Every structure is written in C-alpha cells, then in structure tokens.
Amino acid sequence: MPAAEGGAMTMLTKRSSIALAMIVSLVLGACGSDNDTTSPDTSGSAAAGVEVDKMVWGIQSPPASMDIAKAGDVPTQRVQTAAFDRLLITDDTGAVQPWIATKFENPDPLTWVFTIRDDVKFWDGTPLTSEDVAYSIARHTGDSTSIQAHLFELVTDVKATDSTTVTVTLSAADLSLLANLALYAQIHQKRYDEEAGDALGGPDKPGMGTGPYSITSFSSADGATLTRNDAYWAGRPKVKTLEFKAISDPDTARLAMSSGEIDGFFDVPLIATRQWDQLGNATMTYVQGAYNDMLSMDTTRAPFDDVNVRVAMAHLIDRDALLGPLFNGRASTAFTIVPAIQFTSSLGDDGAKQFYGDLTPFPEFSIDKAKEALAKSASPDGFTVDLPVDTTQPWMSPLAQNLAENAKQLGITINVKQVSSADWGAGLTDPSASPLQLVALGAGTSWPNELTGIMFGTNGGFNTARYGNAALDALMDKANAASTLDDLMPPLTDALKMASDDLPYLPLFDEQVAIAISDEFVWEGGYSYWSLGQAWPLRLGGAG
C-alpha cells in the first residue's frame, strides 16, 4: 500500500507511479460467505476531537488527477480517498470491511454479490444507485484504459442486479478482488463521468462522489482544497476544510510544520526524522509499515545468472550498519521480500519468528567471503554494472554508494546513476535496463503472498529478477490458488526457502512509516498504515 519516502507510488513501487496500481492481494479478515455490516470503528465514525475550520496537510507531490483510473500514486490517493467512497474499506489490521456495501456474499468461487446502502447521496444531492456502483467497478474492467484494469482482469461482468444489489462475475477465483475494491474502485456518479469525458479528473471536472469531502479546487501543480460534506452518510467530519499542499523537500516541509503553515505531513522521510522529532509544536507518529526495500538482480542476464555472483553481492551489504544512517533506526533488516508486518499480522509474532528461523540466514557482511564467492563464479575478476537510484528516496543513493565502495575491493565497478522517480520506476519493468536494481515496495494488505505472487515465478507480473523455474512455478501456482493461510503457508514457505538459497532478490529493510501532526489536532485511534483504504478524514479533529 502505500509508501512514503518520496515521490509517488501506486502500489508496487514505493512512491513511484507504477506501484500502487500494480499489486494488491486479498486480506481475508472479512472474507466470509455472508458479511453483515456495521461501520468499522477504526476507519469510520467521526473523530472525538472538536470541530475546526481547516487543516492543511503537506504531501510530497501534488495529486496528478482526481480520477483513480488515471493516477493512483500515494500522494494522489491521499486526496482521492478523502473525497471518494469505496464499496469496501480496510480496518487498522488491513482486513477488508463493509462500507458502501452493507454485506458481501460469495455464493460460489466465481460470483460476489454486494448489497448497497440505501442512504447514500452524491455531493449534488442525488441518490447513489446500484447502477453507479456497478459502473464504478466496470470502468476498470475489460478493454478499459484505466491504469487499474490489470487488477480487475478476471472480472467478466458487473451488473446492477436490482436497486440495492451489484453482482460481480469472475472468469476464475480471484483472492485480490475485495482488497482491490477497497483500494481502487472509487465510487463515481456515472452520469457525471459520461458528461465529463476526457476532462474527468482534471481541475474543471474533478469528479462527483459520495465521500466525506467534496472537491473545491484541484491543481496538478500545487495541491487541492476539499470542503466538508455536511450530509455525509457516515457522520459529519470535524474538520470543515482540508487543504493539501505539495512540498517535495523534507526540510522545507519541516520548516512549514514548525511555522504553522501546515498542520500535518504524510510520509516523513525516515532519514530526516531526527530533525522532525525536535519540533516543539507537533507529534511524530511511527507505525510499522509494509514497505520492503531490496536489491534485485536479473537472474537471466550475466553476470547475475550466476548464483555465486549473487552471493558475493549479498556479502557486500552491511545492512545492520546502515540502519542508523539511512533510517535513524526506524527500520529493521528484512528476512524476506515479504514485509514483516504481513507475517506478524497473519502468523503472530511467535509464528513469524519460527517461520524466519526455518529460512537460510542472509549472508553476513564480509568482504573476504564476497571475494571467495566471486572467485567461484564466471566473473572472478569482476564486472561493471549500472545501479539507478531514485532521487526522491533518500536512502537509495547512500546505500548504493556504500555498496559501490565495497564492490571496488572485488574488482566490481558499480556506476551509481541518479534518476528521476519516473525513470527509476520505468526501469524496473524495462528488460533492456540495468540488470541490477534497487526496489522499494509497499504492500496494501496483510496477505503474505501479495508481493511473492507477482515477483516469483515465470508468470510473475512484476518479477524484476526474472526468477522462475519449474519447481518454483509449481509452488507459486499453489500459493496463488490458496484461499486460507493453511493452504498458503506450505507452498509459500518452500518458495521463500528456495529464494533464500538462490538470492534473486536481496531483502534489505522493513521500514516504519512516519507522519507529523500538529498538537492542535488529533487522529482518533492513532494513525494506521492501512489508512489509504479507509475514510481516514473522519478520524481527524481539533485537540480542543
């Protein structure tokens, strides 16, 4: 889900424009065959704080579009999700819960039936209909040009069965459907969208929604202003006006926070948190995120088609020593490419610890052992390779420079290339780009196969390491078909054991998430990593 250090993300790459739109799997917490609804306390009811006129949020880049079909990076979604409801939402554990749908049923593996609330109105006062809901899902399916279309590719039909029911039909069972509905199928008024045409999502035609705030103004250069929906079905928000200002530089944002120019800042870069902790008028909140950083090596291209080279690279990274300089200690070394929070949420702390103990330990930092591994490879004298780094993610460049310095001792030349967030993101899926890539991912749910499902195996849709073989493919087929943890964990465990030996990806860090909130405001229940899947502004209020 969403990510934070800099730039924009769409659910895969942390803060890049290809991420959040690319990965999301199902959180099974609310996935029964008949789910009765109430508004979840953790993401629904109005905050306990007092009413205030305005709250100004800093975000790292301006919203690119108010239409989720055109833009889904994290800063953009911060704004979109304040305005547009979804059929379902996520709670503070990442589990899917009812929202616009009062219940959802799964009468057979290929059918989902959603019962729609009858008390919801658009900002213009017209009632929400089942036709609007069906349209809001169907616009991402079939031959749609929506950037979210690949998330709904198994949907063959979306139909308003009657005035309060929407039925979704699949070509195959899809465990990601509910989470995708919670994160990406924002509710739009069908008539408005059709009249707006290509202008939809822009400043003149931002959209017509049912959410807690309507869109007063929006600029893809500066930010957005939202006005409270006093008739919101889930309760009137305490903050009358929400303003979003784009501030890309963390020091500039910190000064704006200190002066009172902004009242909150999402996704404070961890490398800068020591200075933010010293703010006298704001509170820093840190939560465990599902952000996972890794080094990806293309296993189909020399020199990384040789496992000994990959082992050598692993020995060159002093992960423990880098935690302080890169993240101010607000991260931990990763065991796998699966974010730690997904295992602890699913297995519990003890279960996760036992699981990690069964994996091959990550190679220790040792120049001598790196030399020994490289000597066994087809490139014993070293090689030259580029390593692109996203300039909006502050940890990447110093890590890459440190790796390059260590690699020199083996005759390996790593050319660190500073690139824009867009170019970095594009390079991750470009087969002609460098075979060595730093990857930062943000998961959207607590399902442990969310990332492995797309990063492992021949059919993995975001397999930057091109890591696959017959045995792994068979395991991933089982993992991707699993509907329970009991079904998932055996094949996933074997796949991760295989990867811990083969090292196509070097898991580096599991990051925390940091936000700053002025002491004049409260976030009821505390900030949650899963807030992008929530009607999060309902939890804001004045401190009183």
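These remarks concern the structure in this document. Throughout this document, residue positions are counted from 1 along each chain, in the order its sequence is written. Owing to the predicted nature of the model, reporting of local features is limited to residues with pLDDT of at least 70; listing and counting of side-chain atom pairs is limited to 80 or more, with chain, interface and lining totals taken over all residues. To get the side-chain values, all heavy atoms of the structure are used, and hydrogens and water are removed first.

A few words now on unusual backbone geometry. A cis amide bond, omega 0°, links Ala302 with the succeeding residue Pro303. The backbone of Leu503 shows a phi angle near 55°, a positive value even though the residue is not glycine. Counting from the N terminus, the helices are DSSP H or I runs at least four residues long and the strands are E runs at least two residues long. For Leu503, the position within the fold is in the loop between helix H15 (485-502) and strand S17 (505-518).

Okay, the pairing of strand S8 (residues 213-219) next. When DSSP finds two or more bridges between two strands, those strands count as paired. Here S8 pairs with strand S9 (residues 223-228) via six bridges, running antiparallel. When the sheet's bridge partners are listed, Ile215 is paired in S9 with Leu226. In this structure, the hairpin formed by S8 and S9 is closed by a connection of three residues.

The next point concerns the sheet that holds strand S6 (residues 155-162). An order of S4-S5-S7-S6 is seen for the four strands of this open sheet, with the pairing classed as antiparallel. Single-partner strands in this sheet number two, and they are strand S4 (101-108) and S6. Strand-to-strand twist across the sheet, computed as the mean angle between neighbouring axes with direction ignored, equals 20°. Both S4 and strand S5 (residues 111-116) contribute to a ladder of five bridges, which runs antiparallel. The partner of Lys103 across the bridge, within S5, is Thr115. In what follows, a contact means two residues having at least one pair of non-hydrogen atoms within 4.5 Å. Every angle, taken between N-to-C directions, lies between 0 and 180 degrees, and every axis is a line fitted to C-alpha atoms, over only the stretch in contact when it is a helix. Sitting on the sheet, helix H2 (residues 130-138) touches S5, S6 and strand S7 (165-170), and the angle it makes with S6 is about 175°.

Attention now goes to helix H5 (residues 250-259). Per-residue accessibility, obtained with a 1.4 Å probe over protein chains only, is compared with the maximum for each type, and a residue is labelled buried under 20%, exposed over 50%, and partly exposed between these values. Of the positions making up H5, those classed as buried are Pro250, Ala253, Ala256 and Met257. Mapping the buried residues of H5 onto a view down its axis gives an arc of 120°, with all of them on the same face. For H5, exposure combined with an orientation more than 90 degrees from the buried face picks out Leu255 and Ser259. Buried residues in H5 make contact with strand S11 (264-265), helix H6 (273-276), strand S12 (282-297) and S17. In this structure Asp249 caps H5, since a side-chain oxygen of it lies 3.2 Å from the backbone nitrogen of Asp251. Remark: Gly260 follows H5 within two positions and exhibits a positive phi of approximately 90°. Think of the arc as the fan of directions from the helix axis to the C-beta atoms. For the purposes of these results, a polar contact is taken to be a pair of N or O atoms within 3.5 Å, where, inside protein, one atom must be able to donate a hydrogen and its partner to accept one; residues adjacent in sequence count only when each atom of the pair is a side-chain atom.

Structurally, Thr392 can be placed in the loop between strand S14 (384-390) and helix H11 (396-408). Judged by relative accessible area, which is 27%, Thr392 ranks as partly exposed. Spatially, the C-alpha atom of Thr392 lies 29 Å from that of Gln409, the residues being 17 residues apart in sequence. A polar side-chain atom of Thr392 sits 2.9 Å from a polar atom in the side chain of Asp390.

For any two helices packed against each other, the geometry is given by the interaxial angle and the distance between the axes. Two elements in contact, helix H14 (residues 470-481) and H15, have axes whose closest approach is 8 Å; the angle formed by their N-to-C orientations is 150°. In terms of axis orientation, H14 runs roughly antiparallel to H15. In this structure, H14 crosses over H15, and the sense of that crossing is left-handed. Side by side, H14 and H15 meet where Ala471, Leu472, Leu475, Met476, Lys478 and Ala479 of the first sit next to Leu488, Pro491, Asp494, Ala495 and Met498 of the second. Of the residues assigned to the contact of H14 with H15, the class counts are nine nonpolar, no polar and two charged. The cut-offs work like this: below 35 degrees is roughly parallel, past 145 is roughly antiparallel, 65 to 115 is roughly perpendicular, and the gaps in between are oblique. Put simply, a crossing is left-handed when the front helix is turned counterclockwise from the back one by less than a right angle, and right-handed when it is turned clockwise. Each residue receives one of three labels: charged for Asp, Glu, Lys and Arg, nonpolar for Ala, Val, Leu, Ile, Met, Phe, Trp, Tyr, Cys and Pro, and polar for the others, Gly being one of them.

Two aromatic rings from Phe, Tyr or Trp, using only the six-membered ring of Trp, form a pair when their centres are within 6.5 Å; if the ring planes differ by under 30 degrees the pair is stacked, by over 60 it is edge-to-face, and anything between is tilted. The tally for this structure, following the rule as stated, stands at 27 aromatic pairs. Ring centres of Trp57 and Trp523 lie 6.2 Å apart, and the angle between their planes is 85°; on these two criteria the pair is classed as edge-to-face. Placement of Trp57 in strand S1 (residues 52-59) and of Trp523 in strand S18 (residues 521-523) is noted, with a sequence separation of 466 residues between them. For the pair formed by Trp57 and Trp523, the shared burial category is buried. Ring centres 5.3 Å apart and planes at 85° place the aromatic pair Phe266 and Trp536 in the edge-to-face group. Linking Phe266 in the loop between S11 and H6 with Trp536 in the loop between S18 and strand S19 (540-542), this pair joins segments that are 270 residues apart in sequence. Here Phe266 and Trp536 have matching classes, each one buried.

Note that every value here comes from positions in space, so none of it alone points to a role or purpose.
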